[in-house]
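# A structural walkthrough
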Amino acid sequence: MEKQIKKVDLIFGKVDHLAILDACFKRTRDEIILDVIDSGLRGRGGAGFPTGLKWKFAKNEEADQKYVICNADEGEPGTFKDREILTQVPEKVLAGMALCGYCIGASEGYIYLRGEYNFLLPPLYKAIDEFHQKLKKMNFDFTIRICSGSGAYVCGEETALMESMEGRRGEPRNKPPFPTSEGFLGKPTSVNNVETLVFALMIGQEGPTKFKEMGTFDSRGSKVFSVSGDTPNPGIYELELGMTLEQFVEEFGDGDTKAVQVGGASGFCVSRKDFKSTLIGFEGIPTGGSMMLFNSSRSMYNILNDYLEFMEEESCGQCTPCRVGCQQLLKGIEAVKKGIKPPSYLEDLQKLSDTMRIASKCGLGQSVPNPFNSIINNFREEIIY
Amino acid sequence: MTKIKELVKEQAEKHGRARTSLMPILQEVVRSENYLSEEAMEAIAEELDLSTADVFGTASFYTFLDTVPRGKYVIRVCKTITCHMKGKDEIIRTISDMLKIKLGETTTDKKFSLLQANCLGWCHKGPVMLINDEVYPEITPEKVTEIVNQYLKKG
């Protein structure tokens, strides 16, 4: 391999988070927001919106109350990094929230923690209590609370998340208005992923330069990857962005990798022939961290079937393209497999999935075509026979 | 006042009666009663001044807010791809044989329910299961037998 993938330790390394905050509070919020914009940091939950811009939009709103929400509804299959971050360095996440609060002018923050991670509640409450006391000493008014989810993948979508926090079904809202102008309880809200908040804190400490120097033009910095599937080294790794899938597989594959699913059930399946030309990042294939490796012993039909079953169950059912589309795609590949429908039926299904991309209301339905089309295009014969 | 109504009232006092309190109250009732009965949902609707349909509509959206009776210990085995690859079917078979219940069922003594769940966020340590809020990663049929036996002894 030409270049070793660079391992980074910005997220899990211990820092004096209070000293970072203290130093940041001495600077103006515009300066910090400019640093975050300049660093090129983009949201680490998957969608990749520029974090600094989000903060700027929320800051520019006039309101009596604003909110910071830490999105810890980590539901994407193959992703488990946020749990690890919240377990190992909760204080950095809380400090990142406070920094966001300072920048946008919010005095309240919420962590939306998925119900599957309820075992994290006691240590998190403890960390929050300690953090509140420290903030009091620093004379900074910021309160953090936790909202628990109850097992709904779609609540990771920021507007569904806020619906859930408001005590309703987790059905995504129409956008615009965007949360930065009308979010939780109708107030300007910045919703950021767990990992994003920690990166923002680290940029607060080190300035934008070090972060900006890593990665590529569109994908600056490093990223925490969740590696699972057929690999001798499953786990959580912070890596510099900009590597190709070939480099990744070289490092994590078992020597027989036939495909990698980049970005979970809503991401893309890349087959061996494209490893070399595929860049992991926003100019190639973006990921919220999920990297699932499959070796040649795996049936791609079973994998696609699993993903579609997942999406069909987790679709909120609010909009027709997604609700009916997920069901029909699932039934469709089953029918083709059983020979009830001819192989050419896959083309009809792909048209349906294209419609879902255009017509679905939120990211869930819009991204079902990603695994569907990429698996069908790469492994058509495995779906049919 | 029935036990459920008392519990709901107590939770409403604790969390407040705004709509934002609905989720925490529903979650607390499930924690203590194992599910949301019609009576519980009616009581919540009354306390929070909502329609019962609204409460049911919200509760039924969420997988973890059961509206059918469940056992004291709800076992949720992750079924999503990596856990599937690493043998979740065998885990389910083992538990099913031990407790003499199929997926989706509850033991007659109302102690255990056996369910599947979508990705629990432990793909690098699959197969994994939750028993209520407790997580058990990297399980094998042997380990799972031991774990369930401990719960059987627990009463």
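Residues numbered from 1 in each chain as written. Chains lettered and ligands numbered in written order. Predicted model: local features only at pLDDT ≥ 70, side-chain atom pairs only at ≥ 80, totals over all residues. Heavy atoms only, no water.

This part covers the sheet that holds strand S3 (residues 143-148) of chain A. Residues and elements named next belong to chain A. Taken in spatial order, the four strands make up an open sheet running S3-S2-S1-S4, and their pairing is parallel. With partners counted over all chains shown, the strands left at the sheet margins are S3 and strand S4 (189-193), one partner each. Taken over all neighbouring pairs, the strand axes of this sheet differ in orientation by 20° on average, direction set aside. Sheet topology note: the strand S1 (residues 67-72)/S4 ladder contains five bridges and is parallel. Following the sheet pairing, Tyr 67 is matched in S4 by Thr 189. (Pairing = 2+ DSSP bridges. Helix = DSSP H or I, 4+ residues; strand = E, 2+ residues; numbered from the N terminus. Axes fitted to C-alpha atoms, helices over the stretch in contact; angles between N-to-C directions.)

Below, the discussion takes up the domain arrangement of chain B. Here chain B is described as being made up of domain 1 (3-59) and domain 2 (73-154). Distance from the C-alpha centre of domain 1 of chain B to the C-alpha centre of domain 2 of chain B: 28 Å. (Domains from an automatic or database assignment.)

What follows concerns helix H7 (residues 141-154) of chain B. Residue and element names in this part refer to chain B. Counted at 1.5 Å a residue, the expected span for H7 with its 14 residues is 20 Å, and the 20 Å between its end C-alpha atoms agrees. Turning to H7, its buried residues are Pro 141, Val 144, Ile 147, Val 148 and Tyr 151. Projection of H7 onto a plane perpendicular to its axis shows the buried side chains occupying an angular sector of 125°, all on one side. Among the exposed residues of H7, those oriented more than 90 degrees off its buried face are Glu 142, Glu 146 and Lys 153. Packed against the buried residues of H7 are strand S1 (73-78), helix H6 (88-99), strand S2 (112-117), strand S3 (129-131) and strand S4 (134-136). (Expected span 1.5 Å × (residues − 1). Buried < 20%, exposed > 50% of the residue type's maximum accessible area, 1.4 Å probe, protein only. Arc of directions from axis to C-beta. Contact = heavy atoms within 4.5 Å.)

Residue and element names in this part refer to chain A. Relative to the assigned elements, Thr 196 resides in helix H8 (residues 194-206). Its relative accessible area of 1% is what places Thr 196 among the buried residues. A sequence separation of 173 residues divides Thr 196 from Pro 369, and the C-alpha atoms of the two residues are 26 Å apart. Leave out the neighbours within four places in its chain, and Thr 196 touches Leu 41, Gly 43, Arg 44, Gly 45 and Thr 51. A polar contact of 2.9 Å, which involves the side chain of Thr 196, links it to the backbone nitrogen of Arg 44. (Polar contact = N/O pair within 3.5 Å; in protein donor to acceptor, adjacent residues only side chain to side chain.)

Before going further, it helps to spend a moment on the packing of aromatic side chains. In the structure shown here, the tally under the stated rule is 19 aromatic pairs over all chains. Centre to centre, the rings of Tyr 73 of chain B and Tyr 151 of chain B are 4.8 Å apart; their planes meet at 75°, and the pair counts as edge-to-face. In this pair, Tyr 73 of chain B sits in strand S1 while Tyr 151 of chain B sits in helix H7, placing the two residues 78 residues apart along the sequence. Here the aromatic cluster, defined as three or more aromatic residues joined through ring pairs, consists of Phe 25, Tyr 102, Phe 140 and Phe 142 of chain A. Just above the ring of Phe 282 of chain A sits the side chain of Arg 42 of chain A; from NZ or CZ to the centre is 3.8 Å. Here Lys 341 of chain A stacks its cationic end above the ring of Tyr 345 of chain A, 4.9 Å away from the centre of that ring. (Phe/Tyr/Trp six-rings, centres within 6.5 Å; stacked < 30°, edge-to-face > 60°. Lys NZ or Arg CZ within 6 Å of the ring centre and 35° of its normal.)

Another aspect to go through is the layout of surface pockets. Roughly 680 Å³ of internal volume is contained in the second largest pocket. Around the second largest pocket, the lining is made up of 27 residues, and of these Tyr 125, Ile 146 and Cys 147 of chain A together with His 15 and Pro 24 of chain B lie nearest the centre. Tallied by class, residues from the lining of the second largest pocket come to 14 nonpolar, seven polar and six charged. (1 Å grid on protein atoms, 1.4 Å probe; cavity = no way out; pocket = protein on both sides within 12 Å on 5 of 7 lines; lining within 4 Å. Points joined across faces, edges and corners; volume = space filled by probe spheres on them. Nonpolar A, V, L, I, M, F, W, Y, C, P; charged D, E, K, R; others polar.)

What follows is about the domain arrangement of chain A. Accessible area lost when the parts come together is the quantity often used to give the size of an interface. Residues and elements named next belong to chain A. For chain A, the assigned domains are domain 1 (17-213), domain 2 (222-295) and domain 3 (300-384). Just the C-alpha atoms count here: the centres of domain 1 and domain 3 sit 33 Å apart. Counting residues at the interface gives 12 residues for domain 1, matched by eight residues for domain 3. Counting each side, the surface lost to burial between domain 1 and domain 3 is near 850 Å², with a carbon and sulfur contribution of 68%. Of all residues in domain 1, Tyr 153, Val 154 and Pro 172 bury the most surface against domain 3, accounting for 52% of the area lost on that side. Across the contact surface, domain 1 and domain 3 share zero salt bridges. Linking domain 1 to domain 3 there are three residue pairs in polar contact (both at pLDDT 80 or more). Residues of the side of domain 1 that touches domain 3, tallied by class, amount to five nonpolar, three polar and four charged. (Buried area = accessible area lost by both parts, 1.4 Å probe. Salt bridge = Lys/Arg side-chain N within 4 Å of Asp/Glu carboxyl O.)

All names here are of chain A. For the structure shown, the criterion picks out 41 salt bridges over all chains. The closest approach of N and O atoms between Arg 145 and Glu 108, which form a salt bridge, is 3.1 Å. Here the residue Arg 145 occupies a position in strand S3, and Glu 108 occupies one in strand S2 (residues 108-113), the gap between them amounting to 37 residues. Here Lys 175 and Glu 157 are joined by a salt bridge, their closest N and O atoms 3.6 Å apart. One end of the pair, Lys 175, is in the loop between helix H7 (158-165) and S4; the other, Glu 157, is in the loop between S3 and H7, and 18 residues separate them in sequence. Its relative accessible area of 35% is what places Lys 175 among the partly exposed residues. Several salt bridges converge on common partners, so that one network encompasses Arg 44, Lys 81, Asp 82, Glu 195 and Lys 223.

The subject of this paragraph is the interface of chain B and chain A. Contacts between the two partners involve 31 residues from chain B, matched on the other side by 50 residues from chain A. Across the chain B/chain A interface, buried area totals approximately 3100 Å², and carbon plus sulfur atoms make up 57% of it. Counting across the chain B and chain A interface gives two salt bridges. A salt bridge links Lys 79 of chain B to Glu 313 of chain A, with the nearest nitrogen and oxygen atoms 2.5 Å apart. Across the contact surface, chain B and chain A share 22 residue pairs in polar contact (both at pLDDT 80 or more). Among the residues forming the side of chain B that touches chain A, the class breakdown is 14 nonpolar, 12 polar and five charged.

A few words now on the nonpolar core. In this structure, Ile 333 of chain A together with Leu 36 and Ile 44 of chain B are the most contacted members of the largest nonpolar core, which totals 71 residues. Per-element tally for this core: the top contributor is helix H11 (residues 300-314) of chain A, with eight residues. Among the nonpolar cores identified, the runner-up in size contains 57 residues, and Ile 33, Leu 86, Tyr 102 and Met 214 of chain A belong to it. (Core = buried A, V, L, I, M, F, W, Y, C linked by side-chain atoms within 4.5 Å.)

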